[in-house]
Amino acid sequence: MDERSLFSFSTDELRQRFEQALALECDLDPMILRARQLRQQGSTPQARCLEQELLPLF
């Protein structure tokens, strides 16, 4: 891993690192991973229902 400070990265480098993290599916919540998996499988209505469960209640 690069030892540089995050502040020394260009916008493109930061975007690339962010996209790499998303590709690794490093989400904290398994429900987010499940919703993503459902979308990838083409189960959009089920994914939407699960995403509704993740919305804040206020």
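Definitions and cut-offs
Residues numbered from 1 in each chain as written. Predicted model: local features only at pLDDT ≥ 70, side-chain atom pairs only at ≥ 80, totals over all residues. Heavy atoms only, no water. Helix = DSSP H or I, 4+ residues; strand = E, 2+ residues; numbered from the N terminus. Buried < 20%, exposed > 50% of the residue type's maximum accessible area, 1.4 Å probe, protein only. Salt bridge = Lys/Arg side-chain N within 4 Å of Asp/Glu carboxyl O.

A. Just the overall build of the protein, in detail. Of regular secondary structure, the protein possesses 3 helices and 0 strands. Its helices and strands taken in sequence order, the protein reads α-α-α from the N to the C terminus. For the protein, the residues scored as buried account for 10% of the 58 residues in total.

B. Geometry of the pattern of salt bridges. Throughout the structure, instances matching the rule amount to 2 salt bridges. The salt bridge partner of D12 is R15, with a shortest N-O separation of 3.0 Å. Taken together, the residues D12 and R15, both in helix α1 (residues 11-23) and 3 residues apart, mark about one turn of the helix. Between E51 and R39 there is a salt bridge, with its nearest N and O atoms 2.9 Å apart. Highlighted residues: E51 in helix α3 (residues 44-54) and R39 in helix α2 (residues 30-40), separated in sequence by 12 residues. Its relative accessible area of 28% is what places E51 among the partly exposed residues.

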